[in-house]
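Next come the chains, spelled out residue by residue.
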Amino acid sequence: MAYFNDKLCLTIDSMDRINLFRRIDNRIMRYRIGGDTDDFMVNTVVEEVFREFSVTIDEWDIIYLIYQDMSLDMILLLLDGEEMQSIDLTETPIGEIYYLNLVICEEIPNIFYFVSNLKSDKEYRLYHHSYDGQHWNTHRVDDIKVKKLLNPMKVFNFGGKLLLAYYDYNRHEQIYMREYDCNQEKWGKRIQLTDGDEYRLYIDLLLKDDLLHMVYCQHVCGNLVVVYERLVYQNGKMERDMIKTLSNPENPQHPTIIYNNGRLWVSWVEYDNIMSCYSEDMGNTWSPIFMWKESKGVDIVRYEYRGKQPDDTILDYSFGNIGQEIGLMGFGSTKKTIEIPLKTGYEGYKK
């Protein structure tokens, strides 16, 4: 079996009902699973979808689905039970967008995406749209350059603020973060999170108790490794206090952070297997690497998760299987895992 890099969005409402959204060809399919396992339904939500879409859910269980259609216009759907409302957000086509994200902050939908500079395939503009109840306001967050490929952004809601992390290239490609105050509708200055000249891929972050936990992949001697950094986040300022390599130099992809029952987990895909390790002291020390046996022989995906969080858990993404049943993996009990040693002579690096 294999790892599929398709975008799949899970929403969990206040009644523990699951909605899975997936783009198949030019359609977005919705798989609905109720509290009863027999309560299952599949339907086409929308057709003529170009590529990008994003989904979120609010505290009243209204699902927001945004996508770009074949005419390159942006459409927002509001799904309230069996009712659906469609809102055209653009008057004219806006060009192809990349890494579309939709986040609710202070009951207001916020939309983020990149648009390519037509004069250069290495330059992009990062846009943010927010709704004030009457009008959509447009913010040009930043103009960025890339060294090779456009990396994804990461945006999440934290205490009435949106934290947005993304890459920019200026002599070296670094990760930066900006903070948006949803009440004052104001962007703060950008903060550089990384340094050095290493080439990086992917990004995921998690903020808990003034500690910002960040993971990405980094090139080392022709291979990739998963790198973890911890930064102290106070009063809009960042200070790095730890950096550590978590994986062997192989071919890891999409490192993902999850907090679950007192443990900080970092999981990733490696040769179509799910690998992970955990920390019980919020990043000071880390367990050995575990390979999840249940990831062998199944098709693996990375779910984007929105809605009701499980008890004592913080997650925006999780790996899992795709099939008749939805199962998350890469964190929790390690009974069905195999411990993977670090390669001889390789201990990563610390700071």
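For the structure, see preceding data.
Bear in mind the structure is a predicted one, so any value in this text is a computation, not a measurement. (Residues numbered from 1 in each chain as written. Predicted model: local features only at pLDDT ≥ 70, side-chain atom pairs only at ≥ 80, totals over all residues. Heavy atoms only, no water.)

Student: What's the story with the pairing of strand S26 (residues 300–307) in this structure? I'm lost.
Tutor: Successive side chains on a regular strand alternate, one facing one side of the sheet and the next facing the other. Most of S26 sits out of view: seven of its eight residues are buried. For strand S1 (residues 8–12) and S26, the ladder comprises five bridges, and the chain directions are parallel. Each residue of the ladder has a partner; that of threonine 11, found in S26, is arginine 306. As paired strands, S26 and strand S28 (residues 317–321) are joined by five bridges and run antiparallel to one another. (Buried < 20%, exposed > 50% of the residue type's maximum accessible area, 1.4 Å probe, protein only. Helix = DSSP H or I, 4+ residues; strand = E, 2+ residues; numbered from the N terminus. Pairing = 2+ DSSP bridges.)

Student: Would you take a moment to explain the side chain of aspartate 61 for this structure?
Tutor: Here aspartate 61 shows up in the loop between strand S5 (49–57) and strand S6 (63–69). The side chain of aspartate 61 is buried and forms no salt bridge, while arginine 17, the nearest opposite charge, is found at 4.1 Å. Only 2.7 Å separates the side chain of aspartate 61 from the side chain of serine 14, close enough to count as a polar contact. If near-sequence neighbours (up to four positions away) are discounted, aspartate 61 is found in contact with Asp13, Ser14, Arg17 and Leu79. (Lys, Arg positive; Asp, Glu negative; His and termini not counted. Salt bridge = Lys/Arg side-chain N within 4 Å of Asp/Glu carboxyl O. Polar contact = N/O pair within 3.5 Å; in protein donor to acceptor, adjacent residues only side chain to side chain. Contact = heavy atoms within 4.5 Å.)

Student: Whenever I open this one, the sheet that holds strand S30 (residues 337–340) confuses me. Can you help?
Tutor: Taken together, the six strands give an open sheet; going across it, the order is S27-S22-S23-S24-S25-S30, and neighbouring strands pair in antiparallel fashion. Either end of the sheet is taken by a strand with one partner, and the two such strands are strand S27 (313–314) and S30. Direction of pairing for strand S22 (residues 252–260) relative to S27: antiparallel, over a ladder of two bridges. Within S27, the position partnered with asparagine 260 by the bridge is threonine 313.

Student: Can you walk me through the pattern of salt bridges in this structure?
Tutor: Close approach of charged atoms lets side chains of opposite charge pair. Summed over all chains, the structure comprises 21 salt bridges. A salt bridge links aspartate 142 to arginine 190; its shortest N-O distance comes to 2.9 Å. Taken together, the positions of aspartate 142 in strand S12 (residues 136–145) and arginine 190 in the loop between strand S16 (186–187) and strand S17 (191–192) put the pair 48 residues apart, joining distant regions of the chain. For arginine 230, the salt bridge goes to aspartate 241, with nearest N and O atoms at 3.2 Å. With arginine 230 in strand S20 (residues 223–234) and aspartate 241 in strand S21 (residues 237–245), the pair connects residues that are 11 residues apart, well separated along the chain. Judged by relative accessible area, aspartate 241 falls into the partly exposed class, the value being 36%. Residues joined by salt bridges that share partners form a network here, namely Lys7, Lys154, Asp204, Glu304, Arg306 and Asp316.

Student: What is the right way to look at the sheet that holds strand S4 (residues 40–46) in this model?
Tutor: In sheet architecture, strand pairing relies on hydrogen bonds along the backbone and comes in two forms, parallel and antiparallel. Ordered by their spatial adjacency, seven strands build an open sheet running S4-S3-S2-S1-S26-S28-S29, and the pairing between neighbours is mixed. Every interior strand has two partners, whereas the edge strands, S4 and strand S29 (327–329), have only one. The average undirected angle you get between the axes of adjacent strands in this sheet is 35 degrees. Bridge count between S28 and S29: three bridges; the pairing is antiparallel. What sits directly across from asparagine 321, in S29, is glycine 327. (Axes fitted to C-alpha atoms, helices over the stretch in contact; angles between N-to-C directions.)

Student: So what exactly am I meant to see when it comes to the pairing of strand S23 (residues 263–270) here?
Tutor: Within S23, seven of the eight residues are buried, leaving the element largely enclosed by the surrounding structure. Bridge count between S22 and S23: seven bridges; the pairing is antiparallel. Residue pairing across strands places proline 252 opposite glutamate 270, the latter belonging to S23. Here S22 folds back onto S23 in antiparallel fashion, the turn holding two residues, of which asparagine 261 has a positive phi close to 50 degrees. In this sheet, strand S24 (residues 273–279) lies alongside S23 in antiparallel orientation, the contact comprising seven bridges. Its bridge partner lying in S24, leucine 264 is registered against serine 279.

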